[in-house]
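# Structural features, examined
The lines below spell out each chain.
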Amino acid sequence: MTESNTEASTIMVGAPASAAEGGEGYPVVVGRGLVDSVADQLGPKVRKVLIVHTSTVGARAVALRESLLDHYEVLIAEVPDAEAAKRVEVAAFCWQVMGQSDFSRTDAVIGFGGGAVTDLAGFVAATWLRGVRLVQIPTSVLGMVDAAVGGKNGINTAEGKNLVGTFYPPAAVLCDLDTLDDLPRNEILAGFAEIVKAGFIQVPEILDIVEADVDAVTDPTTPQFRRVLELAIEMKARVVGEDFKEAGLREILNYGHTLGHAVEHAERYGWRHGAAVSVGMMFAAELARLNGRLSDEAVDRHRRILESLTLPVSYPVGRWNTLLATMQRDKKTRSGMLRFIVLDDIGKPTVLEGPDASLLFAAYQEIGS
C-alpha cells in the first residue's frame, strides 16, 4: 500500500487457500479518478454492461455510461436509495432489463452507489445465468469498507435483513474518493461505524487515530481519513481471504450486527446501517462486560468513540421483545441458539453462543433509553 495520499493503492482480497471457494482474488483499488478506469476491469470478453445505480449518483452514472459507449452496449438500471433497493422486486427489475437485452454469461454488471446498491448488484450478478462478471464502485464510506468488499451480498425479506443472498466475489472494487467529496456529513459519520468496528475487533490503530482528531479523520480529503479507510479494508481483506464463506474467522465481522440488524428491521430500514450497528456494538460491549469478559474501561471507550462520531448508543427500552424475536430469525442463529460476537478485550473478538435470556435482557437495559 502506498503512503501517498494522492496515488492509487491496491489491496488484494483472497488468499491462495481460499481460491477454490472464492476465485484467485481480486483488487480493491483506493484513490481518486478511478471511475474513469472501470473499463480496465471489465475484461476482453464483455460486450454488454448493466450499470445499477441510485438517483443520487445519476449524473455520474450517465457520465460513466457515455465513457463506455465506444466499446460496449451499456444499459442503466436506476434503483431506489438505501435498503429499499434490496428487495426481490428490484432484483427482478434488473433481471428483466438483462433478459430483454440478451445478457450473456460473458457480460458484466457494475454496482455504482452505496452499500445497498453494491449488495443488490452483487446478488443480481451472482444469480443471472449463475454468475456474470461484477465490478463494484462503492460511493459511500460504508460501501468502501464493508458492503462492496468480501463477496457477500443479499436482499431483505419481510422476516429480516439479508436472509436471501450469495457469496460471489467481484472482479474488482474501485473506491474512488472523489465520490465522497459531496456526501453529507451524516453519511460520512454513519459509514464510520464499520471503520471503528474494524478497530474494535482487530486494528486498534484506527481507534487511536479517531480519538486523536475526530474532525480530521472524518474529512475525506485528509491523510487520516485515507489511513483508517485503508486499514479497515485491509482488515476485511485478510479475514475474507482466510474465510470466504464465513465458516469461522469471518464471523468476527458481525460485531454489532446481530442486534444492529434487528434495529434496522424494527425501524423498517429507516435508520442508516451504521447507526444501527453502533447501537449493536454498544449492546455487545455491555453483554461482554456483564459476562465478565470486557472491562469497564473498554466499554466506556466504545461509548466515547461512538458518541464522538455522533452515532447512537441507545435504543428504546420497551422495544426489547420485538428485537429479540427478530434476532431469533437472524441468519447467524444456529440450531435455535443466538450467537454474538463479543470482545475479551479491544482487538480480541470471540463468540458468545446461547447466552442466558436474563443476561441479554440485562445488557439491553444498559443501553435502553
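Residues numbered from 1 in each chain as written. Predicted model: local features only at pLDDT ≥ 70, side-chain atom pairs only at ≥ 80, totals over all residues. Heavy atoms only, no water.

### Some remarks on the pattern of salt bridges
For the structure shown, the criterion picks out 26 salt bridges. In this structure, arginine 272 engages aspartate 81 in a salt bridge whose closest nitrogen and oxygen atoms are separated by 3.7 Å. Remark: aspartate 81 occurs in the loop between β4 (73–79) and α3 (88–100) and arginine 272 occurs in the loop between α10 (257–266) and α11 (273–290); sequence separation between them is 191 residues. Relative accessible area serves as the criterion here: at 33%, arginine 272 is assigned to the partly exposed category. By relative accessible area, which is 40% here, aspartate 81 ends up partly exposed. Of the charged contacts in the structure, one is a salt bridge between arginine 339 and glutamate 251, with a shortest N-O distance of 2.8 Å. Of this pair, arginine 339 sits in strand β10 (residues 339–345) while glutamate 251 sits in the loop between α9 (223–242) and α10, placing them 88 residues apart in sequence. Like glutamate 251, arginine 339 is buried. Taken together, the salt bridges that share partners define one network made up of Glu83, Lys86, Asp119, Lys161 and Glu264. (Salt bridge = Lys/Arg side-chain N within 4 Å of Asp/Glu carboxyl O. Helix = DSSP H or I, 4+ residues; strand = E, 2+ residues; numbered from the N terminus. Buried < 20%, exposed > 50% of the residue type's maximum accessible area, 1.4 Å probe, protein only.)

### What about the pairing of strand β6 (residues 133–138)?
The buried count for β6 comes to 5 of 6 residues, which makes it a mostly enclosed element. Two strands pair when backbone bridges link them, and strand β5 (residues 108–113) and β6 are joined in this way by 6 bridges, in the parallel orientation. Across the sheet, phenylalanine 112 pairs through a bridge with isoleucine 137, a residue of β6. Taking the sense of rotation as the criterion, the β-α-β connection linking β5, helix α4 (residues 115–127) and β6 turns out right-handed. One ladder, built from 2 bridges, connects β6 with strand β9 (residues 172–176); its direction is parallel. Looking across to β9, one finds that glutamine 136 is bridged to valine 173. (Pairing = 2+ DSSP bridges. Right-handed = clockwise from strand over helix to strand, strands pointing away.)

### A closer look at the sheet that holds β4
Taken together, the 7 strands give an open sheet; going across it, the order is β1-β2-β9-β6-β5-β3-β4, and neighbouring strands pair in mixed fashion. Unpaired on one side and paired on the other, β1 (9–13) and β4 mark the two borders of the sheet. Geometrically, the sheet is characterised by an average inter-axis angle of 15° between neighbouring strands, direction not taken into account. Helix-sheet contacts for helix α2 (residues 58–68) involve β3 (48–54), β4, β5 and β6, and the interaxial angle to β3 is about 170°. Those strands touched by α4 are β3, β4, β5 and β6, and its axis lies near 170° from that of β5. (Axes fitted to C-alpha atoms, helices over the stretch in contact; angles between N-to-C directions. Contact = heavy atoms within 4.5 Å.)

### Points about the side chain of glutamate 194
By the element assignment, glutamate 194 lies in helix α6 (residues 185–201). In terms of polar contacts, glutamate 194 uses its side chain to reach the side chain of histidine 257, at 2.8 Å. Apart from the residues lying within four places of it in its own chain, the contact partners of glutamate 194 are Leu142, Val145, Asp146, His257, His273 and Val277. (Polar contact = N/O pair within 3.5 Å; in protein donor to acceptor, adjacent residues only side chain to side chain.)

### Describing helix α12 (residues 296–308)
The end-to-end C-alpha distance of α12 is 18 Å, a good match for the 18 Å that 13 residues give at a rise of 1.5 Å each. Looking at α12, one finds that the buried residues are Ala298, Val299, Arg301, His302, Ile305 and Leu306. Along the long axis of α12, the arc covered by the buried residues comes to 155°, so they all point the same way. In α12, the exposed residues that point more than 90 degrees away from the buried face are Asp296 and Glu297. Two residues or fewer after α12 comes threonine 310, characterised by a positive phi angle close to 55°. (Expected span 1.5 Å × (residues − 1). Arc of directions from axis to C-beta.)

### Thoughts on the confidence of the model for the protein
Per-residue confidence for the protein gives a mean pLDDT of 93, with 95% of residues at or over 70. Across residues 16–22 the pLDDT falls below 50, and counting only partners more than four positions away or on other chains, this stretch makes 6 contacts in the model. (pLDDT = per-residue confidence, 0-100.)

### Here we look at the packing of aromatic side chains
Overall, the coordinates contain 7 aromatic pairs when judged by the stated rule. A network of ring pairs unites the aromatic residues Phe283, Trp320, Phe340 and Tyr364 as a single cluster. (Phe/Tyr/Trp six-rings, centres within 6.5 Å; stacked < 30°, edge-to-face > 60°.)

### Focus: the environment of isoleucine 233
As for its position among the elements, isoleucine 233 is in helix α9. Judged by its relative accessible area of 0%, isoleucine 233 is buried. For isoleucine 233 and methionine 144, which are 89 residues apart along the polypeptide, the C-alpha to C-alpha distance reads 7.6 Å. Filtering out sequence-adjacent residues up to four positions away, isoleucine 233 remains in contact with Ile11, Val28, Val30, Met144, Val145 and Cys175.

### Quick look at unusual backbone geometry
One non-glycine residue, arginine 268, lies in positive phi territory at about 50°. Here arginine 268 shows up in the loop between α10 and α11. You can call arginine 268 exposed: its relative accessible area is 77%. For threonine 310, which is not glycine, the phi dihedral falls at a positive 55°. Considering the arrangement of structural elements, one finds threonine 310 in the loop between α12 and α13 (320–327).

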